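Structural features, examined
Read off the chains here:
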Amino acid sequence: MKLRDGSSVTVRTVGQGDEAPLRTFLADLCADSRRLRFFTGGANLAKAAHWAAGTPADRCGLLAHDETGVLVGHAVYVQLDETRAEVAVEVADHLHGRGLGTILIERLAALAEERGITHFVAEVLSDNHSMLDVFREGFDGRVVRREGSEDRVEFPTSNWRLAHERFDMKTAGGG
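A separate point is the packing of helix 1 (residues 19-28) against helix 3 (residues 45-53). Here helix 1 crosses helix 3 at 135 degrees, and the two axes come no closer than 8 Å. Classified by the interaxial angle, the pair formed by helix 1 and helix 3 is oblique. As for the relative orientation of helix 1 and helix 3, their crossing is right-handed in sense. Contact residues: helix 1 offers E19, L22, R23, L26 and A27, while helix 3 offers L45, A46, A48, A49, H50, A52 and A53. Residues of the contact of helix 1 with helix 3, tallied by class, amount to 9 nonpolar, 1 polar and 2 charged.

As C-alpha coordinates, then:
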(Lines give C-alpha, C1' and ligand atoms only; values in the text may rest on other atoms or scores of the structure.)
Protein backbone atom coordinates (compact mmCIF):
# COMPACT_ATOMS: atom_id res chain seq x y z
CA MET A 1 0.00 0.00 0.00
CA LYS A 2 1.23 3.48 -0.83
CA LEU A 3 1.34 6.25 1.77
CA ARG A 4 0.78 9.90 0.90
CA ASP A 5 4.52 10.50 0.52
CA GLY A 6 4.87 7.63 -1.99
CA SER A 7 6.54 5.20 0.41
CA SER A 8 5.07 1.72 0.75
CA VAL A 9 3.88 -0.44 3.60
CA THR A 10 2.72 -4.02 3.78
CA VAL A 11 -0.30 -4.76 5.97
CA ARG A 12 -1.06 -8.17 7.46
CA THR A 13 -2.99 -9.67 10.34
CA VAL A 14 -1.35 -10.20 13.72
CA GLY A 15 -0.04 -13.71 14.17
CA GLN A 16 2.20 -15.99 16.17
CA GLY A 17 5.59 -14.49 16.90
CA ASP A 18 4.50 -10.83 16.79
CA GLU A 19 4.85 -10.08 20.50
CA ALA A 20 8.58 -9.20 20.45
CA PRO A 21 8.33 -6.90 17.40
CA LEU A 22 5.27 -5.22 18.95
CA ARG A 23 7.16 -4.65 22.20
CA THR A 24 10.03 -3.02 20.27
CA PHE A 25 7.61 -0.93 18.20
CA LEU A 26 5.77 0.35 21.28
CA ALA A 27 9.02 1.09 23.11
CA ASP A 28 10.25 3.13 20.12
CA LEU A 29 7.21 5.44 20.23
CA CYS A 30 7.95 8.81 21.81
CA ALA A 31 6.55 9.44 25.29
CA ASP A 32 3.75 11.67 23.96
CA SER A 33 2.66 9.05 21.40
CA ARG A 34 2.50 6.41 24.13
CA ARG A 35 0.49 8.79 26.34
CA LEU A 36 -1.96 9.53 23.53
CA ARG A 37 -2.39 5.82 22.75
CA PHE A 38 -2.51 4.39 26.29
CA PHE A 39 -3.75 7.48 28.19
CA THR A 40 -0.68 7.30 30.42
CA GLY A 41 3.04 7.81 30.07
CA GLY A 42 3.69 4.75 32.23
CA ALA A 43 2.00 1.99 30.23
CA ASN A 44 3.30 -1.53 30.74
CA LEU A 45 4.59 -2.06 27.20
CA ALA A 46 5.39 -5.75 27.67
CA LYS A 47 1.81 -6.37 28.78
CA ALA A 48 0.45 -4.21 25.94
CA ALA A 49 2.53 -6.11 23.37
CA HIS A 50 1.42 -9.46 24.79
CA TRP A 51 -2.22 -8.35 24.59
CA ALA A 52 -1.81 -6.93 21.05
CA ALA A 53 -0.21 -10.15 19.80
CA GLY A 54 -3.18 -12.22 20.96
CA THR A 55 -5.73 -13.49 18.48
CA PRO A 56 -8.92 -14.39 20.36
CA ALA A 57 -12.20 -14.52 18.42
CA ASP A 58 -13.44 -11.18 19.79
CA ARG A 59 -10.61 -9.12 18.30
CA CYS A 60 -8.70 -8.55 15.10
CA GLY A 61 -5.30 -6.90 14.78
CA LEU A 62 -3.30 -5.64 11.83
CA LEU A 63 0.38 -4.79 11.50
CA ALA A 64 2.09 -2.53 8.98
CA HIS A 65 5.72 -3.01 7.93
CA ASP A 66 7.80 -0.53 5.95
CA GLU A 67 9.81 -1.40 2.84
CA THR A 68 12.67 -2.76 4.99
CA GLY A 69 10.36 -5.01 7.05
CA VAL A 70 10.33 -2.82 10.18
CA LEU A 71 7.05 -2.74 12.10
CA VAL A 72 5.65 0.81 11.77
CA GLY A 73 1.97 0.50 12.69
CA HIS A 74 -0.58 -1.52 14.59
CA ALA A 75 -4.36 -1.35 14.73
CA VAL A 76 -6.86 -3.51 16.57
CA TYR A 77 -10.55 -3.81 17.18
CA VAL A 78 -12.19 -5.53 20.11
CA GLN A 79 -15.79 -6.58 19.75
CA LEU A 80 -18.08 -4.94 22.33
CA ASP A 81 -21.31 -6.66 21.28
CA GLU A 82 -22.76 -8.25 18.15
CA THR A 83 -22.55 -5.09 16.03
CA ARG A 84 -20.03 -2.75 17.69
CA ALA A 85 -16.31 -2.87 18.31
CA GLU A 86 -13.75 -0.55 19.86
CA VAL A 87 -10.88 0.42 17.55
CA ALA A 88 -7.37 1.66 18.40
CA VAL A 89 -4.31 2.45 16.30
CA GLU A 90 -0.70 3.49 16.77
CA VAL A 91 1.74 4.61 14.09
CA ALA A 92 5.52 5.09 14.24
CA ASP A 93 6.33 8.71 15.05
CA HIS A 94 8.18 9.38 11.79
CA LEU A 95 5.10 8.33 9.76
CA HIS A 96 2.51 10.57 11.42
CA GLY A 97 0.48 12.51 8.87
CA ARG A 98 1.21 10.20 5.93
CA GLY A 99 -2.04 8.23 5.99
CA LEU A 100 -0.96 5.02 7.67
CA GLY A 101 -3.50 5.32 10.50
CA THR A 102 -6.26 5.83 7.94
CA ILE A 103 -5.12 2.80 5.93
CA LEU A 104 -5.05 0.57 9.02
CA ILE A 105 -8.48 1.68 10.26
CA GLU A 106 -9.89 1.35 6.75
CA ARG A 107 -8.63 -2.25 6.44
CA LEU A 108 -9.89 -3.11 9.94
CA ALA A 109 -13.31 -1.60 9.22
CA ALA A 110 -13.63 -3.65 6.02
CA LEU A 111 -12.77 -6.84 7.94
CA ALA A 112 -15.17 -5.91 10.75
CA GLU A 113 -17.98 -5.22 8.28
CA GLU A 114 -17.46 -8.68 6.74
CA ARG A 115 -17.92 -10.12 10.25
CA GLY A 116 -21.19 -8.27 10.91
CA ILE A 117 -19.79 -5.39 12.95
CA THR A 118 -21.60 -2.24 11.83
CA HIS A 119 -20.03 0.44 14.05
CA PHE A 120 -16.63 1.34 15.45
CA VAL A 121 -16.19 3.19 18.74
CA ALA A 122 -12.94 4.85 19.80
CA GLU A 123 -11.92 6.42 23.08
CA VAL A 124 -9.57 9.31 22.27
CA LEU A 125 -7.89 11.88 24.48
CA SER A 126 -9.39 15.29 23.72
CA ASP A 127 -5.92 16.72 22.99
CA ASN A 128 -5.19 14.01 20.39
CA HIS A 129 -6.27 16.32 17.57
CA SER A 130 -4.52 14.26 14.88
CA MET A 131 -6.45 11.09 15.73
CA LEU A 132 -9.72 12.97 16.08
CA ASP A 133 -9.08 14.48 12.62
CA VAL A 134 -8.46 11.01 11.14
CA PHE A 135 -11.81 9.79 12.47
CA ARG A 136 -13.71 12.96 11.44
CA GLU A 137 -12.12 13.66 8.06
CA GLY A 138 -11.61 10.08 6.92
CA PHE A 139 -14.59 8.24 8.35
CA ASP A 140 -17.13 10.97 9.21
CA GLY A 141 -16.72 9.95 12.84
CA ARG A 142 -18.52 12.05 15.38
CA VAL A 143 -17.90 12.69 19.04
CA VAL A 144 -20.87 11.19 20.86
CA ARG A 145 -19.62 11.76 24.41
CA ARG A 146 -17.09 13.93 26.20
CA GLU A 147 -16.06 12.90 29.67
CA GLY A 148 -13.19 14.69 31.33
CA SER A 149 -10.22 14.55 28.98
CA GLU A 150 -11.68 11.78 26.79
CA ASP A 151 -13.90 11.85 23.72
CA ARG A 152 -15.87 8.87 22.46
CA VAL A 153 -16.02 8.81 18.67
CA GLU A 154 -18.34 6.55 16.67
CA PHE A 155 -18.76 5.83 12.96
CA PRO A 156 -20.20 3.10 10.74
CA THR A 157 -17.66 0.50 9.63
CA SER A 158 -19.09 0.90 6.12
CA ASN A 159 -17.40 4.32 6.03
CA TRP A 160 -14.16 2.54 5.15
CA ARG A 161 -15.24 3.07 1.53
CA LEU A 162 -15.51 6.82 2.11
CA ALA A 163 -12.08 6.89 3.77
CA HIS A 164 -10.62 4.93 0.85
CA GLU A 165 -11.98 7.43 -1.70
CA ARG A 166 -10.80 10.43 0.34
CA PHE A 167 -7.34 8.92 0.85
CA ASP A 168 -7.00 8.22 -2.87
CA MET A 169 -7.94 11.83 -3.64
CA LYS A 170 -5.35 13.21 -1.19
CA THR A 171 -2.67 10.83 -2.46
CA ALA A 172 -3.37 11.86 -6.06
CA GLY A 173 -2.94 15.51 -5.05
CA GLY A 174 -6.63 16.34 -5.02
CA GLY A 175 -6.73 17.66 -1.45
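Below, the discussion takes up the side chain of N159. Note on placement: N159 falls in the loop between strand 7 (150-156) and helix 6 (160-171). Only 2.7 Å separates the side chain of N159 from the backbone oxygen of F139, close enough to count as a polar contact. When near neighbours in sequence (up to four residues on either side) are disregarded, N159 contacts G138, F139 and D140.

All right, on to the packing of aromatic side chains then. For the structure shown, the criterion picks out 4 aromatic pairs. A ring pair is formed by F120 and F155, whose centres lie 5.8 Å apart and whose planes are at 90 degrees; its orientation type is edge-to-face. Linking F120 in strand 5 (residues 119-125) with F155 in strand 7, this pair joins segments that are 35 residues apart in sequence. Here F120 and F155 have matching classes, each one buried. Among the aromatic residues, those joined into a ring-pair cluster are Y77, F120, F135, F139 and F155. Positioned above the aromatic ring of W51, the side-chain terminus of R59 is 4.1 Å from the ring centre.

Across the sheet, which stays open at both edges, the 7 strands sit in the order 1-2-3-4-5-7-6 with mixed pairing between neighbours. Among the strands making up the open sheet, the edge pair consists of strand 1 (10-13) and strand 6 (142-147). Here the strands of the sheet are splayed against their neighbours by 25 degrees on average, with no regard to which way each runs. For strand 2 (residues 59-65) and strand 3 (residues 71-79), the ladder comprises 7 bridges, and the chain directions are antiparallel. Its bridge partner being in strand 3, L62 is matched across the sheet by A75. Against the sheet, helix 2 (residues 31-38) engages strand 3, strand 4 (84-91) and strand 5, with an angle of about 180 degrees to strand 4.

Scoring rules and cut-offs
- Residues numbered from 1 in each chain as written.
- Predicted model: local features only at pLDDT ≥ 70, side-chain atom pairs only at ≥ 80, totals over all residues.
- Heavy atoms only, no water.
- Axes fitted to C-alpha atoms, helices over the stretch in contact; angles between N-to-C directions.
- Helix = DSSP H or I, 4+ residues; strand = E, 2+ residues; numbered from the N terminus.
- Parallel < 35°, antiparallel > 145°, perpendicular 65-115°, else oblique.
- Left-handed = near helix turned anticlockwise from the far one by under 90°.
- Contact = heavy atoms within 4.5 Å.
- Nonpolar A, V, L, I, M, F, W, Y, C, P; charged D, E, K, R; others polar.
- Polar contact = N/O pair within 3.5 Å; in protein donor to acceptor, adjacent residues only side chain to side chain.
- Phe/Tyr/Trp six-rings, centres within 6.5 Å; stacked < 30°, edge-to-face > 60°.
- Buried < 20%, exposed > 50% of the residue type's maximum accessible area, 1.4 Å probe, protein only.
- Lys NZ or Arg CZ within 6 Å of the ring centre and 35° of its normal.
- Pairing = 2+ DSSP bridges.

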